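Listed below are the residues making up each chain.
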There are 2 protein chains.
Amino acid sequence: MSTPMERLRALEKQLFAYTYAACVINYDDATVAPPESSEGRGEALEALSAAEHRLLTGSGLPGLLAAARESALGEQEAAELRELQRMYDEASKIPAEEYAAFAKLASTAQNVWAKARAADDFAAFAPYLERILDTRRRWAGYLAPGKDPYDYWLDHYERGANTRMLDRFFDELQGRIVPLLARIQTEGRPIRTDFLWQDWPIAQQKELAHRVMRRMGVDAAHCAMGESAHPFTTEFYKGDVRITTHYNPRDMTSSLYSVVHESGHALYELHTADRLKYTVLAHGASMGVHESQSRFYENYLGRSLAFIRALWPDLTELFPSQLAGVSPEELYAAVNRAEPGLIRTEADELTYCLHILVRYRLEKRLMAGELAVKDLPEAWNRLMKDILGLDVPSNAQGCLQDIHWSCGDLGYFPSYALGSAYGAQMLRELKKSLDPDALMEAGDFGPVNAWLAEHIWQYGMEKQPGWLVENACGGPFDPACFAEYLEAKYTALYGLA
Amino acid sequence: MSTPMERLRALEKQLFAYTYAACVINYDDATVAPPESSEGRGEALEALSAAEHRLLTGSGLPGLLAAARESALGEQEAAELRELQRMYDEASKIPAEEYAAFAKLASTAQNVWAKARAADDFAAFAPYLERILDTRRRWAGYLAPGKDPYDYWLDHYERGANTRMLDRFFDELQGRIVPLLARIQTEGRPIRTDFLWQDWPIAQQKELAHRVMRRMGVDAAHCAMGESAHPFTTEFYKGDVRITTHYNPRDMTSSLYSVVHESGHALYELHTADRLKYTVLAHGASMGVHESQSRFYENYLGRSLAFIRALWPDLTELFPSQLAGVSPEELYAAVNRAEPGLIRTEADELTYCLHILVRYRLEKRLMAGELAVKDLPEAWNRLMKDILGLDVPSNAQGCLQDIHWSCGDLGYFPSYALGSAYGAQMLRELKKSLDPDALMEAGDFGPVNAWLAEHIWQYGMEKQPGWLVENACGGPFDPACFAEYLEAKYTALYGLA
């Protein structure tokens, strides 16, 4: 009765339902769930995940895919088949026992990591990291035999990424950002920051958050805002996106720029094409492309002087006493200041990519077996000294600071830096037809939103990151573009010659 | 390898996961979802429901149940089999096309009903109610051939309920409450209510809500409170229960008694036995038994003078100006006043059961084909005049006021009244060993909670409503008990001789 493609679409809708359920359950957990309710949530998520796995592996998917390929396929259908094949491979090539064992290992490792970080005890975490590395190497062998394992995982998190491309990218950054940072520290003009740390009432911060979302063009009919310990965005489907923020009562800019960042993610998901709804192509293309959009709004638009000027009437209405005697130019400088620090998540726009560089170089050597886990702390500390000029006083503030490796995410960090770099290249191209400063000063996000929707958002996962970057930038990924952007911005900000 | 019972337990855990997901999705919808996000939610819920249906009907359940029955079964196992058999019968005896068609019919009928109520246009809704009645009669024939259809549906919503029992119950109520109401209206002392309608700041109402929850012994580690248009309780599992309330800025008692009512539901779910977790017996026994608990807290404890006295320091701290010149006795009388009204959901404790009586008598005749749908408005209005002494000015305030029939819920209303009646009988029994007034005055819910946990809560769905009532009351359900309770309370409140 129904064609292979129709049967695949029905399967995709069922897969959508499992993803939808898991997203709502996790969003509820992060925002409003009672504190000791994790046991039942874990049981439910595990059973739903098992049901999804059975659906992927037990529905005759290979035969359906082969049958579908016998008909002429449109571009979207071909992309759906590509993603379904990938999901099937990942679900079927890893033995079920290994998959379950790794889920347990990662869950335990996260607990061990949290305690190890609190106690500054790297030795406690080391054996878990070794087992995680072993598993990830072995799985790369199942999924891409003969390929370099780290290249497999880089491509897994960001299609098209590999060490050849990333070596060039990070070498370029090191060659240009490290000297720039040195000049800022020796020759840069001082930046006033005293007014940042005050009492900023939460009620007014909330009002500001909603005004900023509306101003950016985020449709409140399809996007709600919650509160969580760490801000994030999750999309149930293109008609229901959630962002969260976290209000710091002593620092208004924390929530402000979280909201701008997460709204960038939200705009992307809200503007994927309707035709992709309920298919495996319904979401953003990759972590890196997503981050390119969120950082575009946060750093390239939100941290511009033009945006701050346009927001100034709102800011001074909501925080009249806090901003008395502060100018838009002073706030602009304060939210853009660059300072080397130990912690990635607290890093500024300039030094952030150097934190990623450190992780990339170490991951690469760990995965290749060139660096033993026991030697990681020393290697970490040496790189932090070389790149950021800092002495690391403890592993808690060093190689134990991030959760990612305990979850098994090796190869994931580079997509953060790639996102910024993609975005800088898109900005350069966008400026050929639009004047973002004039638009921000007028409070008009419309044309920028439309440009990004046309070049990036509409395609969802139909297109791969490389294609999208080329489509939006008129040429392949150019690692120098981001470095040039940072040089220009920070040279001006710090009054360097 | 595994025994039939172990395989059934694994199936029960998968069923739990689908229920958990649907509960979280619906809770999210009612509390924080963006307004125009229903399309994807509907698609996801439909696909999850279909997957659950396949799990129930396509897992060889009849064979597993038969195999499990060959071993010696404990009481809990036998109850699990009973519920699984019931679920299998309901999922397999109704043809899948009819099931899907009814879901669509009910969904459309709810929309038609909402518009018909707004436009006071019964004729627009009538054909849908006819089709719903036809379907419900036909399904009763599939599920319980030879049984009176209305008796089937009464038993479906409240195990053990039937027209024989409910005729007696409602006749008893009519014979005693209708004359009591007449005496109140002619001889009752006036009750002061002017102070109820004021500005009651929401922030203080929220603080009161949380204090009341804590005072009642609801564990905040496992129960969170949200806001929704209509208050409700939902349990994801015994370790994660959610209640909601709605704040009326002009009437503090609305949220206060919603919180007490929903906390009663929550306490029940939080105290089901651990051994029932993740089985089909994990929830409260029935709608009627659940309502017996929520109304026990709302009406029998929460609306007592002793409770209001104990809460007085909190009330006057939070609302000093609003309660200036008001005594606890005056608030007690105001929140217990009885007045016939047209709308069920706004009815007081005394007249509420008369609204149910009206619906019961009409449903029974509709289901038996003795009353044509087209004649429903006239029959409704005549009964409202006979029972409550009121002229019904419009169908919107008459037979169109409730959503239930548009959802297909015929036979559901009586469980509301049964709940109050069960509760009154439990109160009579509880008073043999405890002094609820003294406990309420001391703000001590502990002993009452422990009594109800022992007699009702721990059993979840393992025991049926009739058994639970008998266990808690020391004898079978006694329809007179509730009428006696109401007579005693309202005779005193209104100073009747």
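Residues numbered from 1 in each chain as written. Chains lettered and ligands numbered in written order. Predicted model: local features only at pLDDT ≥ 70, side-chain atom pairs only at ≥ 80, totals over all residues. Heavy atoms only, no water.

### Considering the nonpolar core
A general tendency of soluble globular proteins is for nonpolar side chains to be buried together.
Residue and element names in this part refer to chain A.
Phase 1 of the analysis: Phe169, Phe296, Tyr297 and Phe482 are the most contacted members of the largest nonpolar core, which totals 142 residues.
Phase 2 of the analysis: If you tally residues by element for this core, the top one is helix α14 (residues 349-368), at eleven residues.
Phase 3 of the analysis: Those residues in contact with phenylalanine 169, other than ones at most four positions away along the chain, are Ala417, Leu418, Ala421, Phe477, Pro479 and Phe482. (Core = buried A, V, L, I, M, F, W, Y, C linked by side-chain atoms within 4.5 Å. Buried < 20%, exposed > 50% of the residue type's maximum accessible area, 1.4 Å probe, protein only. Helix = DSSP H or I, 4+ residues; strand = E, 2+ residues; numbered from the N terminus. Contact = heavy atoms within 4.5 Å.)

### Concerning the pattern of salt bridges
Phase 1 of the analysis: Tallying each qualifying case throughout the model produces 86 salt bridges over all chains.
Phase 2 of the analysis: A salt bridge links Lys463(B) to Glu75(B); the shortest N-O distance between them is 2.3 Å. One end of the pair, Lys463(B), is in the loop between α18 (446-455) and α19 (465-473); the other, Glu75(B), is in helix α4 (residues 75-93), with 388 residues separating them in the sequence.
Phase 3 of the analysis: In this structure, a network of salt bridges that share partners links the residues Asp28(A), Asp29(A), Arg41(A), Asp240(B) and Arg242(B). (Salt bridge = Lys/Arg side-chain N within 4 Å of Asp/Glu carboxyl O.)

### Examining the side chain of Ser37(A)
Phase 1 of the analysis: The topology assignment puts Ser37(A) in the loop between α1 (4-31) and α2 (38-57).
Phase 2 of the analysis: Owing to a relative accessible area of 1%, Ser37(A) belongs among the buried residues under this scheme.

### With respect to the interface of chain B and chain A
Phase 1 of the analysis: Counting from both sides, the interface comprises 39 residues of chain B and, opposite them, 39 residues of chain A.
Phase 2 of the analysis: At the boundary of chain B with chain A, total buried surface from both sides reaches about 2900 Å², with 58% on carbon and sulfur atoms.
Phase 3 of the analysis: A per-residue breakdown of the area chain B buries against chain A is headed by Tyr20(B), Pro34(B) and Glu36(B), which together make up 16% of the total.
Phase 4 of the analysis: Linking chain B with chain A are eight salt bridges, by the criterion used here.
Phase 5 of the analysis: Among the salt bridges present, the one from Asp240(B) reaches Arg41(A), with a minimum N-O distance of 3.4 Å.
Phase 6 of the analysis: Between the two partners, chain B and chain A, sit 21 residue pairs in polar contact (both at pLDDT 80 or more). (Buried area = accessible area lost by both parts, 1.4 Å probe. Polar contact = N/O pair within 3.5 Å; in protein donor to acceptor, adjacent residues only side chain to side chain.)

### Description of the environment of Ala182(B)
Phase 1 of the analysis: Its place among the elements puts Ala182(B) in helix α8 (residues 163-187).
Phase 2 of the analysis: A C-alpha to C-alpha distance of 9.1 Å links Ala182(B) and Gly389(B), two positions 207 residues apart in sequence.

### So, the environment of Lys364(B)
Residues and elements named next belong to chain B.
Phase 1 of the analysis: Residue position: lysine 364 is located in helix α14 (residues 349-368).
Phase 2 of the analysis: The class for lysine 364 is partly exposed, based on a relative accessible area of 29%.
Phase 3 of the analysis: Linking lysine 364 and aspartate 120, residues 244 residues apart in sequence, is a C-alpha distance of 24 Å.
Phase 4 of the analysis: Setting aside residues up to four positions removed in sequence, lysine 364 forms contacts with Tyr150, Thr163 and Asp167.

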